[in-house]
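Structural overview
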Amino acid sequence: MAHLVPKPVPRASAESRPFWDGVQERKLLLQHCRSCGNYWFPPSALCRHCLSPQSDWREVSGRGRIYSFVVYHRLYHPAFEQDLPYVVAIVALQEGPRLLSNIAGTPWQEIRCDLPVRVAFGDDGRGMMVPQFSICDE
Amino acid sequence: MIESARTLRNRCAIVGAGNSRLGQVPGVSSLDLFMEAAAHALEDAGLRVRDIDGLITRGPDDAYCHHQQIGERLGLNARFSTSLDNGGASQILAVAVAVMAIEAGLATTVLCGYGRDAWSRTHTSAAARVKNQTRPDSQHDQEFGPEFGYFGAVAAHAFGARRHMHEFGTTREDFAEIAMAFREHAIRNPQAQSRKPLSPEDYFNARLIVSPFGLYDCSLRSDGAGAVIVTSTERARGLRPRPVLIRGFGSHNNLTGWFANDNMIRTAAFESGQAAYRMAGIAPSEVDTVQLYDCFTYMVLVQLEDYGFCGKGEGGAFVRSGALRLGGTLPANTSGGQLAEAHVEGMLQIVEGVRQLRGCYAPERQVSNAEIALVSGHGGNQVCHSTLILQAG
C-alpha cells in the first residue's frame, strides 16, 4: 500500500555509502579491520578497536539477537501512522556490532529480548531498501 | 588522584539559587527565562551583577555561544565564561567547572544556569506537537534511525527500561511508584506543572507512548530556567544566606554510546557517583535526600542502583518500599522533579537540593534534618553523567 507521506530515506554519508549499496543488493556488509580482525558499526574511517585505517567491507551472517526493543504507540512522523504500533529493536549481530532496525512479521506482544533474529530486507514504499530483521530459529 | 580530589571538598559553596516562572510560559524566550532565574539567584545571594566574574551556561541546543548572549544581557565582562555541551549533565558540570575556575584563581563568583522553552517550542503547531522535538532537524540523525521510525528520547530510554526488566524482573509497577511518589511531592509545590493526584489506575490506564513507557513515565515539556551562584566558602561566610557547601562532585561519560556494552542498565552514574563520593568522603548511607535526573521513571530506578542506594537489579524493590517519598528513607525529587514540577534539564534539581539543605520549606515539604543531598545530571546521547554532593553549611 502506498504511503501518503514517504518514509524517511537514509542519507548516506561518504563513510556509510558501501553499507547502503550492499543493502540494495540484499547484502549486510560491515567494515572489518585488517589489522585486528574486529567488525564495527556505524561506519567510520578508522577501526573503532585499534584505529587502523586498513579495513574492508565484508558480508556478515545477518544473524543475531534482540538486545532490547521498544514499541511505538505514539506517532512521531506521519509516514509511520499505518504501522502503529511498530517495533524498533537493537539487534546484536553475531559478529559483535549492534544495529538499530525493525522487527517484521511478528506481533509486538510476542517479541522478547534475546530472541534470535536474521536479516531481511524491505523497501516499505520508500524506494530504497533498508535492513530489517525477523525472528528465526536458534 | 584521591588526594587531589579531596582538596576541593567543601572549598566552595552555593550562595544563591533561583528559578524563573515554570511550565507554560508562552512568549518568553529561553534567554529571558534564564535572566529571570539569574535575577532571582542574585537577589537570593544578596549580590549584584558587578559581584559576578564568571558565567557558565548551557543554552538551548540551537543557541550558538550561549554564554555570550547571556553575558550581553547581563552587561557582564567575565573573567571566566563558557557554554557546556553535555546535555542534561551540563548543569552540574557547570558547578564543578565553577569550583575548578575559582580554585584556579580564574574567577571568584560564578553564575551557573540553564533555561529552555521546550513547552513553547513543541506547541507552536500541530506538526510541532507530533514531532515533539526540542532540537532542530539539522541536529538529528540522517541515517540509522529515522528510516526505522526511531525518533525521540523516549525510545532511547525505553530501550534501557526494557533490558533492565528483562535482566532483573523490573516491572511497570516499579516505575508507577516513582511517578506517583514524585507527583505526590509536586502537589506540595505551588509552582509545579502537574499537581493532580496520580493513582495506579491513572498510571496504567494512560496511553502508551513508546512502551514500556506510558504517558506518566515521561517527564514534562516545560518552559523554565534555573540559576545558582558559586563562590569560595570563605566568601560565602560573609554573605547573607546560609551557604550550601559543595562537598563533592563527579562526572563520567560513556562515550562508547548508550547501545554499547551494558551502558543502558549500568549507567555512567556509577563511576560519576564513585568520584563524587570519593571527593566528599562519604558513603551512600550518609545521603539524606537525592534529587535525581528523572527524564523518565526508569532513569531514577537505575541511578538508585548505580549510586549504591541498593544493589544492581534491586531498584524495583527499593522504590516499592516507599523509600523515595517524603518521610521515607531516601526522599527523592522533593519538588516533583522533571516528571511533575518542570523539566529544565537538571537545573531545578540543583536548586531544590540547595533549598532542602537550607531547611527553608514548611514541614510537609521539608526533608527533616537534611544535611547531605546528592544531585544528578544525565544527558547528551544518554551517556553523559554528573554528580553533585551538597552539604548544609
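**Considering the overall build of chain B**
Of regular secondary structure, chain B possesses 15 helices and eleven strands. For a compact globule of 393 residues, the expected C-alpha radius of gyration is about 21 Å, and chain B comes in at 19 Å, within 12% of that figure. Accessible area for chain B stands at about 14100 Å²; split by element, carbon and sulfur atoms hold 48% of it. Averaged over its 36 positive side-chain charges, chain B has a centre that lies 4 Å from the centre of its 40 negative ones.

**A closer look at the interface of chain A and chain B**
With 38 residues of chain A in contact, the opposing surface of chain B contributes 32 residues. For chain A, the biggest contributors to the area lost against chain B are Tyr67, Tyr76 and Leu100 of chain A; these three give 25% of the whole. Here chain A is connected to chain B by one salt bridge. Close ionic contact of Arg163 of chain B with Asp114 of chain A constitutes a salt bridge, the shortest N to O distance being 2.9 Å. Counting across the interface, chain A meets chain B through 21 residue pairs in polar contact (both at pLDDT 80 or more).

**What to know about the packing of helix H2 (residues 30-45) of chain B against helix H3 (residues 66-74) of chain B**
All names here are of chain B. Relative to each other, H2 and H3 sit at 60°, their axes nearing to 11 Å. By the criterion of interaxial angle, the relationship of H2 to H3 is oblique. H3 is crossed by H2, and the crossing has right-handed handedness. Judged by residue contacts, Leu31, Asp32, Phe34 and Met35 of H2 engage His66, Gln69, Ile70, Arg73 and Leu74 from H3. Among the residues making up the contact of H2 with H3, the classes are represented as five nonpolar, two polar and two charged.

**Quick notes on helix H11 (residues 269-280) of chain B**
Residues and elements named next belong to chain B. Given a rise of 1.5 Å per residue, twelve residues ought to cover 16 Å, and the 16 Å separating the end C-alpha atoms of H11 matches this to within 8%. Ala269, Ser272, Gly273, Ala275, Ala276, Tyr277, Met279 and Ala280 are the residues of H11 that are buried. Once H11 ends, the next one or two residues include Gly281, with phi positive near 70°.

**Thoughts on the environment of Gly75 of chain B**
All names here are of chain B. Take Gly75: it is sitting in the loop between H3 and strand S3 (80-83). Taking relative accessible area as the criterion, Gly75 reaches 63% and is therefore assigned exposed. Distance in space between the C-alpha atoms of Gly75 and Asp174 is 48 Å, their sequence separation being 99 residues.

**Description of the packing of helix H8 (residues 172-187) of chain B against helix H12 (residues 297-306) of chain B**
All names here are of chain B. In the contact formed by H8 and H12, the axes pass within 8 Å of each other and the chain directions differ by 100°. Here H8 is positioned roughly perpendicular relative to H12, judged by the angle of their axes. Residues Asp174, Phe175, Ile178, Ala179 and Phe182 of H8 form the contact with H12, whose participating residues are Thr297, Tyr298, Val300 and Leu301. Considering only residue class, the contact of H8 with H12 consists of seven nonpolar, one polar and one charged.

**Quick look at the pairing of strand S7 (residues 223-232) of chain B**
All names here are of chain B. Extensive coverage of S7 is indicated by the burial of ten of its ten residues. Relative to S7, strand S1 (residues 12-19) is paired through seven bridges, and the arrangement is antiparallel. Each residue of the ladder has a partner; that of Cys12, found in S7, is Ser232.

**Some remarks on the packing of aromatic side chains**
Taken as a whole and judged by the stated rule, the model has 17 aromatic pairs over all chains. Here Phe213 of chain B and Phe296 of chain B contribute two aromatic rings whose centre-to-centre distance is 5.3 Å and whose plane-to-plane angle is 5°, an arrangement assigned as stacked. With a gap of 83 residues between them, Phe213 of chain B in strand S6 (residues 213-214) and Phe296 of chain B in the loop between strand S9 (289-291) and H12 connect regions that are remote in the sequence. Note on Phe296 of chain B: relative accessible area 5%, which makes it buried. Put simply, the rings of Tyr72, Tyr76, Phe80 and Tyr86 of chain A together with Phe151 of chain B touch in pairs and so form one group of aromatic residues.

**Let's talk about the side chain of Glu147 of chain B**
Mapping Glu147 of chain B onto the fold places it in the loop between helix H6 (126-131) and helix H7 (152-168). Here Glu147 of chain B sits buried without a salt bridge, and the closest side chain of opposite charge, Arg126 of chain A, lies 6.9 Å off (N-O distance). Contact partners of Glu147 of chain B, with chain neighbours within four places excluded, come to Pro8, Pro10, Trp20, Phe80, Asn102, Arg126 and Val130 of chain A.

**Observations regarding H3 of chain B**
All names here are of chain B. If you check which residues of H3 are buried, you get His66, His67, Ile70, Gly71 and Leu74. One side of H3 holds all its buried residues, which, seen down the axis, span an arc of 130°. Of the surrounding elements, those touching the buried residues of H3 are H2, strand S2 (54-58), S3 and strand S4 (109-117). Backbone geometry just downstream of H3 places Gly75 in the positive-phi region, at approximately 70°.

**Comments concerning the pattern of salt bridges**
What the rule picks out here adds up to 23 salt bridges over all chains. With a shortest N-O distance of 3.4 Å, Arg34 of chain A and Asp56 of chain A are connected by a salt bridge. Pair noted here: Arg34 of chain A is in the loop between strand S1 (29-33) and strand S2 (39-40) and Asp56 of chain A is in strand S3 (residues 55-59), with a separation of 22 residues, a long-range link. In this structure, Arg73 of chain B engages Asp32 of chain B in a salt bridge whose closest nitrogen and oxygen atoms are separated by 2.7 Å. Taken together, the positions of Arg73 of chain B in helix H3 and Asp32 of chain B in helix H2 put the pair 41 residues apart, joining distant regions of the chain. The class for Asp32 of chain B is partly exposed, based on a relative accessible area of 37%. Overlapping salt bridges, with partners in common, bring together Lys7, Asp83 and Asp124 of chain A in one network.

**Considering the sheet that holds strand S8 (residues 244-253) of chain B**
Residues and elements named next belong to chain B. Taken together, nine strands build an open sheet; the order of strands is S3-S2-S4-S7-S1-S8-S11-S10-S9 and the sheet is mixed. Each edge of the open sheet carries a strand with a single partner, namely S3 and S9. The sheet shows a mean angle of 25° between the axes of neighbouring strands, direction not considered. Strand contacts of H3: S2, S3 and S4, with the helix running at about 130° to S2, the strand carrying the most contacts.

**What to know about the domain arrangement of chain A**
Residue and element names in this part refer to chain A. If you check the domain split of chain A, you get domain 1 (14-60) and domain 2 (61-138). Domain 1 and domain 2 are separated by 21 Å when their C-alpha centres are compared. Counting from both sides, the interface comprises twelve residues of domain 1 and, opposite them, 14 residues of domain 2. When domain 1 packs against domain 2, the two sides together hide about 1200 Å² of surface, and 77% of this comes from carbon and sulfur. The tally of links between domain 1 and domain 2 comes to zero salt bridges. Our count for the contact surface shared by domain 1 and domain 2 stands at two residue pairs in polar contact (both at pLDDT 80 or more). Elements represented by at least two residues in the side of domain 1 that touches domain 2 include exactly helix H1 (17-24) and S2. Broken down by element, the side of domain 1 that touches domain 2 gets its largest block of residues, four residues, from H1. Of the residues in the side of domain 1 that touches domain 2, the class split is nine nonpolar, one polar and two charged.

The rules we used
Residues numbered from 1 in each chain as written. Chains lettered and ligands numbered in written order. Predicted model: local features only at pLDDT ≥ 70, side-chain atom pairs only at ≥ 80, totals over all residues. Heavy atoms only, no water. Helix = DSSP H or I, 4+ residues; strand = E, 2+ residues; numbered from the N terminus. Rg over C-alpha atoms; globule rule 2.2 N^0.38 Å. Areas by Shrake-Rupley, 256 points an atom, 1.4 Å probe, with all protein chains shown as cover. Lys, Arg positive; Asp, Glu negative; His and termini not counted. Charge placed at Lys NZ, Arg CZ, Asp CG, Glu CD. Contact = heavy atoms within 4.5 Å. Buried area = accessible area lost by both parts, 1.4 Å probe. Salt bridge = Lys/Arg side-chain N within 4 Å of Asp/Glu carboxyl O. Polar contact = N/O pair within 3.5 Å; in protein donor to acceptor, adjacent residues only side chain to side chain. Axes fitted to C-alpha atoms, helices over the stretch in contact; angles between N-to-C directions. Parallel < 35°, antiparallel > 145°, perpendicular 65-115°, else oblique. Left-handed = near helix turned anticlockwise from the far one by under 90°. Nonpolar A, V, L, I, M, F, W, Y, C, P; charged D, E, K, R; others polar. Expected span 1.5 Å × (residues − 1). Buried < 20%, exposed > 50% of the residue type's maximum accessible area, 1.4 Å probe, protein only. Pairing = 2+ DSSP bridges. Phe/Tyr/Trp six-rings, centres within 6.5 Å; stacked < 30°, edge-to-face > 60°. Arc of directions from axis to C-beta. Domains from an automatic or database assignment.

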